Amino acid sequence: AQSVSQHNHHVILSEAASLELGCNYSYGGTVNLFWYVQYPGQHLQLLLKYFSGDPLVKGIKGFEAEFIKSKFSFNLRKPSVQWSDTAEYFCAVKGWGKLQFGAGTQVVVTP
Amino acid sequence: DVKVTQSSRYLVKRTGEKVFLECVQDMDHENMFWYRQDPGLGLRLIYFSYDVKMKEKGDIPEGYSVSREKKERFSLILESASTNQTSMYLCASSSRINEQFFGPGTRLTVL
């Protein structure tokens, strides 16, 4: 069965700092990869996705993610975070069958 | 924009009650999903449906059932609510090959 692992459960950083959230999955076949974000009090929304092609994917609000097939990873990055990036971030992987979510990473950005 | 709506944002029920959670999407999506979201566990799939009157068990179907009589509507039923079903319930929909779109969630408390 496929599984998704997010390396950090909580991250606290200051505004303008760089952010990188790790995501690894266990599935050997072709995958579709997603990062979702849930801002406080809001519904889950798509940040970016990878289906095929360029492994460096750009999403909304300055986020990007890199798919490294050999490492089974899809890490999320943002060069300079803002207070409004405070949210919970979920990595999700769709291999054969249904979408599998990681446990989520709570990110707090302090002013 | 895709819109997924859920019948209630907050719900309080008593142990043993039958609970209905309703979800409606307006984008003619074939697929609909019910998840529960718990801290530290991410999103876990309860049931999903690929077509009207069709349903498939997810990872944690025990204690739940679903109904999909119309394409736009997917209902989650807790036959006899228990305290361990206190959680945030998220509905999502998608077309056959694209990402899932989520509703705002229903926070259910079972006393």
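This text follows the structure it describes.
Residues numbered from 1 in each chain as written. Chains lettered and ligands numbered in written order. Predicted model: local features only at pLDDT ≥ 70, side-chain atom pairs only at ≥ 80, totals over all residues. Heavy atoms only, no water.

What to know about the state of the cysteines
In a disulfide, the sulfur atoms of two cysteines are covalently bonded to one another.
Stage number 1. With the rule as written, the count across this model stands at two disulfides over all chains.
Stage number 2. There is a disulfide in this structure between Cys23(A) and Cys91(A), and the S-S distance comes to 1.9 Å. Note on the Cys23(A) and Cys91(A) pair: the S-S dihedral is about -65°, so by sign convention the disulfide is left-handed. Note that Cys23(A) is positioned in strand E4 (residues 23–26) and Cys91(A) in strand E10 (residues 87–94), a separation of 68 residues in sequence. For the pair shown, Cys23(A) and Cys91(A) are each scored as buried.
Stage number 3. Covalent S-S linkage joins Cys23(B) and Cys91(B), the inter-sulfur distance amounting to 1.8 Å. Residues Cys23(B) and Cys91(B) share a disulfide whose torsion about the S-S bond is about -75°; that sign makes it left-handed. Taken together, the residues span a long stretch of sequence, with Cys23(B) in strand E3 (residues 19–25) and Cys91(B) in strand E9 (residues 87–94) at a distance of 68 residues. Cys91(B) matches Cys23(B) in its accessibility class, with the two residues each being buried. (Disulfide = S-S within 2.5 Å. Helix = DSSP H or I, 4+ residues; strand = E, 2+ residues; numbered from the N terminus. Buried < 20%, exposed > 50% of the residue type's maximum accessible area, 1.4 Å probe, protein only.)

Overview of the sheet that holds strand E8 (residues 73–78) of chain B
Residues and elements named next belong to chain B.
Stage number 1. Strand order in the open sheet made by the four strands is E1-E3-E8-E7, with antiparallel pairing throughout. Strands with a single pairing partner mark the edges of an open sheet, and in this sheet they are strand E1 (4–6) and strand E7 (64–70). Here the average twist between neighbouring strands, direction ignored, is 20°.
Stage number 2. When E3 meets E8, the two strands line up antiparallel, connected through six bridges. (Pairing = 2+ DSSP bridges. Axes fitted to C-alpha atoms, helices over the stretch in contact; angles between N-to-C directions.)

Details of the environment of Lys58(A)
Residues and elements named next belong to chain A.
Stage number 1. On the secondary structure map, Lys 58 appears in strand E7 (residues 56–58).
Stage number 2. In the structure, Lys 58 is positioned 35 residues away from Val 93 in sequence and 17 Å away in space, judged by C-alpha atoms.
Stage number 3. Other than its neighbours up to four places away in sequence, Lys 58 contacts Leu 48, Phe 63 and Glu 64. (Contact = heavy atoms within 4.5 Å.)

Let's talk about the pairing of strand E8 (residues 64–68) of chain A
Residue and element names in this part refer to chain A.
Stage number 1. Examined bridge by bridge, E7 and E8 share three bridges and lie antiparallel to one another. Residue pairing in the sheet places Leu 56 in a bridge with Glu 66 of E8.
Stage number 2. What sits between the antiparallel neighbours E7 and E8 is a turn of five residues, in which Lys 61 has the positive phi angle 60°.
Stage number 3. Between E8 and the antiparallel strand that follows it, strand E9 (residues 73–78), lie four residues; Phe 72 among them carries a positive phi value of about 50°.

A few points about the nonpolar core
Stage number 1. Ranked by internal contacts, the top residues of the largest apolar core, which has 28 residues, are Trp35(A), Leu48(A), Leu76(A) and Tyr89(A).
Stage number 2. Examining the composition of this core, we find that four residues originate from one element, E10(A), more than from any other.
Stage number 3. The residues touching Tyr89(A), leaving out its near neighbours within four places in the chain, are Gln6(A), Leu21(A), Trp35(A), Tyr36(A), Val37(A), Leu47(A), Phe63(A), Leu76(A), Gly104(A), Thr105(A) and Val107(A).
Stage number 4. One finds Leu21(B), Cys23(B), Leu76(B) and Leu78(B) within the second-largest nonpolar core, a separate group that totals 20 residues. (Core = buried A, V, L, I, M, F, W, Y, C linked by side-chain atoms within 4.5 Å.)

Focus on the interface of chain A and chain B
Frequently, the measure chosen for interface size is the accessible area removed from exposure when the parts meet.
Stage number 1. Contact with chain A, which involves 17 residues of that partner, is made by 18 residues of chain B.
Stage number 2. A combined buried area of about 1,400 Å² lies between chain A and chain B, and 55% of that area is made up of carbon and sulfur atoms.
Stage number 3. On the chain A side of the contact with chain B, Leu44(A), Lys98(A) and Phe101(A) bury the most area, a combined 32% of that side's loss.
Stage number 4. Where chain A meets chain B, there are two salt bridges.
Stage number 5. A salt bridge links Glu99(B) to Lys49(A); the shortest N-O distance between them is 2.8 Å.
Stage number 6. Viewed at the interface, chain B and chain A are joined by five residue pairs in polar contact (both at pLDDT 80 or more).
Stage number 7. If you list the elements that add at least two residues to the side of chain A that touches chain B, you get strand E5 (32–38), strand E6 (45–50), E10 and strand E11 (99–101) of chain A.
Stage number 8. Looking at the side of chain A that touches chain B residue by residue, the class counts come to nine nonpolar, five polar and three charged. (Buried area = accessible area lost by both parts, 1.4 Å probe. Salt bridge = Lys/Arg side-chain N within 4 Å of Asp/Glu carboxyl O. Polar contact = N/O pair within 3.5 Å; in protein donor to acceptor, adjacent residues only side chain to side chain. Nonpolar A, V, L, I, M, F, W, Y, C, P; charged D, E, K, R; others polar.)

Honestly, that's just the spatial picture; any functional story needs more than this.
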